[in-house]
Amino acid sequence: MAGEFRILIGGSWVTTDKELEVINPYDGNLAGVTYIAGPDELEEALKSSVEAFETIRTMPAYQRSAVLAKVVQGLKDRAEELARTICKEAGKPITDARGEVARAVNTFQIASEEAKRLTGELLPLDIMAGSEKRIGIVRRFPLGPVLGITPFNFPLNLVAHKVAPAMACANSIIIKPASKTPLTALKLGEIVTDAGWPPGGLNVCPCPGTAAEK
């Protein structure tokens, strides 16, 4: 039986007045029903992402790493469920879908490790007379909310490639998944939320491409 998938806005799971039916391209059956984010929902997603960034930017590296490690465990715990969802919405063979989940696990594992390795640089500036004993210090700072637009062919792993680095670098992110395959991204949203990422730090908003461009 096809299920209902609410969309993730500001840490809450919401519906809108526009349903989106997701069809299995292999057999034409209904894979699930979700909702299309309209202007009001997108504005709320943006607002919550900006607000969440103020919290996320101050999270120490060990906390970001710990949340990402919990996402890894969540992916492992729900690996077969995710693979079956990929099969239903993308029409992939189950072997390929399971491989995609394994790759997503690896992506978040790397992000968990790299969150603790975002170092800077110390640059000697004494390359000409008059610059003796001078150095340059390079530090890296999170930039702010990120918009990730993902294609249909890897509905989990290509979302992971955007979400995991954003989290590791202390940025909030809004994901606009492909309209043909949004269900797996929404399940990833559940896992990230359950892992303790701040509300609004990840929004998952199925919507038309023209709306995302704005």
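Look a little higher up for the structure.
The rules behind these values
Residues numbered from 1 in each chain as written. Predicted model: local features only at pLDDT ≥ 70, side-chain atom pairs only at ≥ 80, totals over all residues. Heavy atoms only, no water. Phe/Tyr/Trp six-rings, centres within 6.5 Å; stacked < 30°, edge-to-face > 60°. Lys NZ or Arg CZ within 6 Å of the ring centre and 35° of its normal. Helix = DSSP H or I, 4+ residues; strand = E, 2+ residues; numbered from the N terminus. Expected span 1.5 Å × (residues − 1). Contact = heavy atoms within 4.5 Å. Salt bridge = Lys/Arg side-chain N within 4 Å of Asp/Glu carboxyl O. Buried < 20%, exposed > 50% of the residue type's maximum accessible area, 1.4 Å probe, protein only.

Chemist: What is the right way to read the packing of aromatic side chains from this model?
Modeler: Any pair of aromatic rings gets described here by the distance separating the centres and the angle formed by the planes. Counted by the stated rule, this structure contains zero aromatic pairs. Lying across the ring of F154, K92 places its NZ or CZ 3.7 Å from the centre.

Chemist: Looking at this structure, how should I read helix α5 (residues 157-168)?
Modeler: Helical geometry note: an α-helix holds 3.6 residues per turn, so side chains three or four residues apart project in the same direction. Spanning 12 residues, α5 covers 16 Å between terminal C-alpha atoms, matching the ideal 16 Å at 1.5 Å per step. Packing partners of the buried residues in α5 comprise α2 (61-77), α4 (94-114), β9 (173-176), α6 (183-194) and β10 (202-204).

Chemist: So what exactly am I meant to see when it comes to the pattern of salt bridges here?
Modeler: Two side chains of opposite charge can pair, provided their charged atoms sit close to one another. Counted according to the given criterion, the structure contains 11 salt bridges. Between K92 and E100 there is a salt bridge; the shortest N-O distance is 2.7 Å. On the accessibility criterion, K92 (16% relative accessible area) is buried. If you follow the salt bridges from partner to partner, you end up with R78, E81, K187 and E190 in one network.

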